[in-house]
Amino acid sequence: MNLPSYTCGPQEKPLLAMTIGAAFDQTVSRFPEREALVVRDQGLRYSWAQLGEAVDRCARAFIALGLQPGERLGIWSPNRAEWTIAQFASAKAGVILVNINPAYRLNELEYALKQSGCRWLICADTFKTSDYHAMLGELLPELETCAIGALQSHMLPELRGVISLGAQPAGGMLGWQQLQAMAEQVGPEQLRQCGEQLQFDEPINIQYTSGTTGFPKGATLSHYNILNNGYMVGESLGLSEHDRLVIPVPLYHCFGMVMGNLGCLTHGSTMIYPSAAFEPLAALQAVAEERASALYGVPTMFIAMLDHPERDGFDLSSLRTGIMAGATCPIEVMKRVINEMHMSEVQIAYGMTETSPVSTQTGPADDLERRVTSVGRTQPHLESKIVDEQGRIVPRGQIGELCTRGYSVMLGYWNNPEATREAIDGARWMHTGDLAVMDDEGYVKIVGRNKDMIIRGGENVYPREIEEFLFTHPAVADVQVIGVPDSKFGEEIVAWVKLHPGHEAQPEALREYCKGRIAHFKIPRHVKFVEDFPMTISGKVQKFRMREISVVELGINPH
Ligand code: AMP
């Protein structure tokens, strides 16, 4: 009889039983002179001592603002130093940071702010096609005339005000520097006392994620969840205070703020941000000029760096390790990362936001074959099992749904007990919705998703959200959205649309309709007009059939 598909990770290293604030203070006192943070496009560099000062000042300012432990603070900005300062400062003040995707538009922002009941929002001013100030002016017309901190919005009744990271905050917004000056009202002793009251099992972060179905849900994570996950990811990479990690992945996602920031924090390593959002050239420059030892990315980012015409001009020989994660990593890309980018020890990680995120990871000793064909083995202190449709553990070698249990599993979805019950069962297993197979040595391979979520260029996209949006177009009678393989983005979005009788529309017109209303990465690349969808006898749309048809029609090579 085959072994069951169940493994438990090693447990030699104990978990960190402390808050993020306590871990931060420890690192500041252990490595005060070493470099903590480099933000290249802002021209900023901080030692751990300097970062410690900036974070403590910001935490005191949050307290002065009236933010209480357990209240929510949103952040809607691309990568920059203030993001990280706010992350650590909110953790020290016990304020729950709500990550908001910088590509979100008004509908999505409003949903996240309302659902989490944010008291304050930190926002950038503009970035690429996003004018954050203008969008907020539209959502909160009362802001311009209200006294700072006294916002009364009928759309967002719990929101008190907005903090702008821009050089010129719009009317009614509090500037970042003004906020920092408020720290004078709160002494260091008050911050220390606040920190002592905090418990590591308390929630400290909400990340909106696609989960399985429905609208984005706020995965609610504790200090213990994310601090330990960052720690264990860094342990696997062998990070130390001598490592310098380039983080081109977004901070609003756990890849940046947990695997990146907390991975570095727990090891005294240096966090290096090449640019506000991923740019292959900036990432390559950061590695070369900062003599980085490690680099993170989703597969599409590594592809863009490998294929960059100027790549040969950069000396990447300082690289040793890094992580490729977030989506299936093509074998050829993995080989090229090892051979052409000098990342001989690069590792693959697998997981999801709801599990802090990493559940399995390849190890430093794993051979190339393992690194290109699996997502590694169960992380320390965690358990994995693969189950059939009845929830029974399948034998090794058989496909089923991957489930994770342990310290990393989120507290639940914010204010959504029903969705939490659907995701985490009575025995605390998180059901990932991913189809996987485990071999005799415990290596896990992801073979697909039994949910319909699309991952485009590392961004999770919910078909239902796009479908519901397209439904608002007057000519659209019905719509189904699917993902098809794409060599550049991993997946591309295809919408199948049934028009109302007598209506006409062109694909381009529907795409135009989406622009500025939903995030750019959710806009369907292809639109196909149909009379009907492939259906089961019981009346369910067969998205897998739609995918097969679109793949053929679009001339896509599915492998
Ligand atoms: P997120 O919550 O944004 O971290 O997305 C989680 C989903 O990304 C998982 O449920 C998987 O479907 C997918 N995923 C993450 N890492 C990998 C990987 N290494 N290989 C394949 N799929 C992955």
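Everything in this summary refers to the structure shown in the same document.

About the cut-offs
Residues numbered from 1 in each chain as written. Predicted model: local features only at pLDDT ≥ 70, side-chain atom pairs only at ≥ 80, totals over all residues. Heavy atoms only, no water. Helix = DSSP H or I, 4+ residues; strand = E, 2+ residues; numbered from the N terminus. Contact = heavy atoms within 4.5 Å. Areas by Shrake-Rupley, 256 points an atom, 1.4 Å probe, with all protein chains shown as cover. Lys, Arg positive; Asp, Glu negative; His and termini not counted. Charge placed at Lys NZ, Arg CZ, Asp CG, Glu CD. Near = heavy atom within 4 Å. Polar contact = N/O pair within 3.5 Å; in protein donor to acceptor, adjacent residues only side chain to side chain. Nonpolar A, V, L, I, M, F, W, Y, C, P; charged D, E, K, R; others polar. Axes fitted to C-alpha atoms, helices over the stretch in contact; angles between N-to-C directions. Parallel < 35°, antiparallel > 145°, perpendicular 65-115°, else oblique. 1 Å grid on protein atoms, 1.4 Å probe; cavity = no way out; pocket = protein on both sides within 12 Å on 5 of 7 lines; lining within 4 Å. Points joined across faces, edges and corners; volume = space filled by probe spheres on them. Buried < 20%, exposed > 50% of the residue type's maximum accessible area, 1.4 Å probe, protein only. Pairing = 2+ DSSP bridges. Salt bridge = Lys/Arg side-chain N within 4 Å of Asp/Glu carboxyl O.

Turning our attention to the overall build of the protein. Along the protein, the regular secondary structure elements total 17 helices and 29 strands. Over its C-alpha atoms, taken along the principal directions, the protein stretches across nearly 70 × 60 × 55 Å. Restricting to contacts in the protein with at least 6 residues of sequence separation, those with at least 24 account for 71%. Of the roughly 22500 Å² that the protein leaves accessible, carbon and sulfur atoms contribute 50%. Within the protein, one finds 49 positive and 66 negative side-chain charges whose respective centroids are separated by 2 Å.

Here we take up the site of the ligand. Near the ligand lie 16 residues; those nearest to it are H253, A349, T353, D434 and N460. Residue G326 places a main-chain N or O atom 3.2 Å away from a nitrogen atom belonging to the ligand. Interatomic distance of 2.7 Å between a side-chain N/O atom of T353 and an oxygen atom of the ligand. Relative to its unbound accessible surface of 500 Å², the ligand loses 94% to contact with the protein. By residue number, the principal contributor to the shell around the ligand is strand β17 (residues 347-351), which donates three residues. A breakdown of the residues in the shell around the ligand according to their chemical character gives six nonpolar, seven polar and three charged.

In contact at an axis separation of 8 Å, helix α1 (residues 20-30) and helix α3 (residues 81-93) are set at 120° when each is read in the N-to-C sense. By the criterion of interaxial angle, the relationship of α1 to α3 is oblique. On α3, the residues that touch I20, G21, F24 and D25 of α1 are F88, A91 and K92. In terms of residue class, the contact of α1 with α3 is made up of four nonpolar, one polar and two charged.

Right, let's talk about the environment of L139 for a bit. With respect to the element layout, L139 can be found in helix α5 (residues 132-139). The spatial distance from the C-alpha of L139 to the C-alpha of L156 is 9.1 Å, given a sequence separation of 17 residues. Those residues in contact with L139 that sit more than four places away from it in its chain are L106, L109, E110, M155 and L156.

All right, on to empty space enclosed by the protein then. Tallying each qualifying case throughout the model produces two cavities of 30 Å³ or more. The wall of the largest cavity is formed by 20 residues, among which N101, Y104, Y208, T209 and N460 lie closest to the centre. Counted by class, the lining of the largest cavity contains eight nonpolar, nine polar and three charged residues. Each pocket or cavity is described by its volume, and for the second largest cavity that value is around 50 Å³. In terms of lining, the second largest cavity is formed by I20, Q87, S90, A91, V95, L97, I204, N205, I226 and M257. Looking at the lining of the second largest cavity, the elements with two or more residues in it are α3 and β11 (203-209). Broken down by class, the residue content of the lining of the second largest cavity amounts to seven nonpolar, three polar and no charged.

Residues A294 and Y296 line one face of strand β15 (residues 294-297) and the alternating positions L295 and G297 line the opposite face, and both faces are buried. Strand direction decides the pairing type here: strand β13 (residues 244-246) and β15, joined by two bridges, are parallel. Across the sheet, residue L245 finds its bridge partner in β15, namely A294. Two elements, β15 and strand β16 (residues 321-325), share four bridges in a ladder whose sense is parallel. The residue of β16 that forms the bridge with A294 is T321.

With that settled, the discussion passes to the pairing of β11. The buried fraction of β11 amounts to six of the seven residues, a majority that puts the element mostly inside the structure. Where strand β5 (residues 96-100) lies against β11, three bridges are found, and the strand directions are parallel. For V98, the partnering residue across the bridge sits in β11 and is I206. Direction of pairing for β11 relative to strand β12 (residues 217-222): antiparallel, over a ladder of six bridges. What sits directly across from I206, in β12, is T220.

On to the sheet that holds strand β10 (residues 174-175), then. Read across the open sheet, the eight strands follow the order β10-β9-β6-β4-β5-β11-β12-β22; overall the sheet is mixed. A strand with exactly one partner marks an edge of an open sheet, and here the two such strands are β10 and β22 (412-413). Here strand β6 (residues 118-123) pairs with strand β9 (residues 161-164) via four bridges, running parallel. Across the sheet, L121 pairs through a bridge with V162, a residue of β9. In this fold α3 packs onto β4 (72-76), β5, β6 and β11, with an angle of close to 150° to the strand it touches most, β5. Relative to the sheet, helix α8 (residues 223-237) contacts β11 and β12, its axis offset from that of β12 by approximately 75°.

With that out of the way, let us pick up the pattern of salt bridges. Considering all chains together, one arrives at 34 salt bridges under this definition. Among the salt bridges present, the one from K13 reaches E235, with a minimum N-O distance of 2.8 Å. Here K13 is found in the loop between β1 (6-8) and α1, whereas its partner E235 is found in helix α8, with 222 residues between them in sequence. The exposure class assigned to K13 is partly exposed, which follows from its relative accessible area of 42%. Overall, the relative accessible area of 26% leaves E235 in the partly exposed class. Measuring nitrogen to oxygen at the nearest pair gives 3.6 Å for the salt bridge that ties D532 to K498. Residue D532 is found in the loop between β29 (526-529) and α17 (543-553), and its partner K498 is found in strand β28 (residues 490-499); the two are separated by 34 residues along the sequence. The exposed category is assigned to D532, whose relative accessible area is 53%. Through salt bridges with shared partners, one network takes in E35, R40, R45, R244, E289 and E290.

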